[in-house]
Amino acid sequence: MQLLVLPGDGIGPEITAATLAVLHAAADASGVVLEVEQRDIGLKSLAEQGTTLPEAVLDAIPGADGVILGPVSHYDYPAGMPNPSAALRTRFALYANIRPCRSRAGLSILRKPMDLVIVRENTEGFYADRSMHAGPGEFMPDADSAFAIRKITAAACARVTRAACEIAMGRSKRVTAVHKANVLKLTDGLFLREVRKVAAEFPDLTLDEVIVDAAAALLIRSPERFDVIVTTNMFGDILSDEASELSGSLGLGGSINQGDAICVAQAQHGSAPDIQGQGIANPTSLILSAAMLLDWQARRSGDAALGACGRRVEAAVESVLADPAKRTRDVGGPLGTQAFADAVIAAIRGQQA
């Protein structure tokens, strides 16, 4: 499998190195050959090449079997410099951001267990950098007024719903569409129209519809109500962060940006420049995201060894997290970035014993 690795900013290079060490161990144990190409983006490429996203990086993506994207500090970029995360999603139509959230003993703050997947539309919505063909999606006609445009299209709603329904058919066959159609009657009305249309193609599937503020409350009170959630971009961004924190930590959830032919693994959290270089960042989210990437490619290519490799990584991470003495500091343990990766690698090798 050919991987293109973009370490990013802040803690990105540290957690990327830890992730690659884990992947190589799992690949060796699974009979998988990994070929890794690494390229610079973000602040490093800005300093060296004058841009946060070199065109050569974009040209390399279609030729890779998968991409691992580290966190980026796009808030710190000069005006006009692209956010690599958003640019990859729109350029390559990575329309589904898939984020599993599962409670772990001793880490979840919920009274009832959570085990769900949030499928978030990834290419439009209330995000100013992906709503317009040209120019920003927000503007100020005067110094004291600011406006933002929310773009919702039938095609984007349909394709993200189909991705959610396909995931649900492999789980409990339940999909919940989260919306605010009582207020956003046109945009979320269009979203619901397409959700209902696509869901009807899956006769064994149960479709539920919940207003977003109620969904935010139900994630706390009754998380067992949900299995697969499909929603628009900003609602999905907020709800998936909430669900990850409730189930354990934002640093523990995997995430992929999935298109029809390209998939990008990306941690759920940001670049955390305040702890950069200290060796204490939690690499779990990126490691599990990489495991999801392996599974995506396995399903697409029919390569059973890749699927086994991804499951090996996930099982090793879960076994390490189950031991409080092997957790990273942000979730109450004593370990740093590399020590956690070493513990996961040891667990992978222990699977063979």
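Residues numbered from 1 in each chain as written. Predicted model: local features only at pLDDT ≥ 70, side-chain atom pairs only at ≥ 80, totals over all residues. Heavy atoms only, no water.

Caption draft 1: Region of interest: unusual backbone geometry. Not every positive phi belongs to a glycine, and Ala93 is a case in point at roughly 50°. For Ala93, the location among the structural elements is in the loop between α4 (84–91) and β4 (96–102). Phi angles above zero are rare outside glycine, and Lys173 is one such case at about 60°. The topology assignment puts Lys173 in the loop between α5 (154–169) and β8 (174–179). (Helix = DSSP H or I, 4+ residues; strand = E, 2+ residues; numbered from the N terminus.)

Caption draft 2: Spotlight on the environment of Arg162. When you line up the elements, Arg162 lands in helix α5. Arg162 sits 124 residues away from Leu286 along the chain, and the two C-alpha atoms are 25 Å apart. The residues contacting Arg162, other than those within four sequence positions of it, are Val198, Glu201 and Phe202. Within the structure, Arg162 has its side chain in polar contact with the side chain of Glu201 (distance 2.8 Å). (Contact = heavy atoms within 4.5 Å. Polar contact = N/O pair within 3.5 Å; in protein donor to acceptor, adjacent residues only side chain to side chain.)

Caption draft 3: Highlighting the side chain of Thr337. Checked against the element boundaries, Thr337 lands in helix α11 (residues 337–352). Discounting chain neighbours no more than four positions away, the residues touching Thr337 are Glu14, Ile15, Ala18, Gly279, Ile280, Ala281 and Pro283.

Caption draft 4: Just the pattern of salt bridges, in detail. Tallied over the full model, the rule gives 19 salt bridges. Glu55 is paired through a salt bridge with Arg91; the nearest N and O atoms lie 2.9 Å apart. Linking Glu55 in helix α3 (residues 55–60) with Arg91 in helix α4, this pair joins segments that are 36 residues apart in sequence. Classification of Glu55 as partly exposed rests on a relative accessible area of 44%. Arg91 sits in the partly exposed class, given a relative accessible area of 45%. Residue Arg150 is joined to Asp188 by a salt bridge in which the shortest nitrogen-to-oxygen separation is 2.9 Å. (Salt bridge = Lys/Arg side-chain N within 4 Å of Asp/Glu carboxyl O. Buried < 20%, exposed > 50% of the residue type's maximum accessible area, 1.4 Å probe, protein only.)

Caption draft 5: The arrangement of the packing of helix α1 (residues 12–30) against helix α10 (residues 304–321) in detail. Contact pair α1 / α10: the axes reach a minimum separation of 9 Å and the direction vectors enclose 130°. Between α1 and α10, the angle is such that the two are oblique. In the packing of α1 onto α10, the handedness of the crossing is right-handed. Contacts between α1 and α10 involve Val22, Leu23, Ala26, Ala27, Ala29 and Ser30 on the former and, on the latter, Ala305, Ala308, Cys309, Arg312 and Val313. (Axes fitted to C-alpha atoms, helices over the stretch in contact; angles between N-to-C directions. Parallel < 35°, antiparallel > 145°, perpendicular 65-115°, else oblique. Left-handed = near helix turned anticlockwise from the far one by under 90°.)

Caption draft 6: Local environment of α10. Look at α10: 26 Å from first C-alpha to last across 18 residues, which is about the 26 Å you get at 1.5 Å a residue. What α10 keeps buried is the set Leu306, Gly307, Cys309, Gly310, Arg312, Val313, Ala316, Val317, Val320 and Leu321. (Expected span 1.5 Å × (residues − 1).)

Caption draft 7: Quick peek at the environment of Leu58. If you trace the backbone, Leu58 turns up in helix α3. Through-space distance from the C-alpha of Leu58 to that of Ser247 is 35 Å; in sequence the pair is 189 residues apart. In contact with Leu58, other than residues within four places in its own chain, are Leu53, Leu88, Arg91 and Phe92.

Caption draft 8: Main features of the pairing of strand β9 (residues 206–211). The sheet contact formed by β8 and β9 spans six bridges and is parallel. From the neighbouring strand, Arg174 faces β9, where its bridge partner is Thr206. Of the crossover connections in this fold, the one passing from β8 over helix α6 (residues 187–199) to the parallel β9 is right-handed. (Pairing = 2+ DSSP bridges. Right-handed = clockwise from strand over helix to strand, strands pointing away.)

Caption draft 9: Representation of the environment of Leu88. Mapping Leu88 onto the fold places it in helix α4. Setting aside its immediate chain neighbours within four residues, Leu88 contacts Leu6, Leu53, Leu58, Ile61, Leu69, Ala93, Leu94 and Val264.

Caption draft 10: How the structure looks around helix α8 (residues 233–247). With 15 residues, α8 should cover 21 Å at 1.5 Å per step; its first-to-last C-alpha distance of 21 Å lies within 8% of that length. Residues of α8 that are buried include every one of Asn233, Phe235, Gly236, Leu239, Ser240, Glu242, Ala243, Ser244, Leu246 and Ser247, and no others. Buried-residue contacts for α8 involve β4, β5 (115–121), β8, α6, α7 (212–221) and β10 (228–231).

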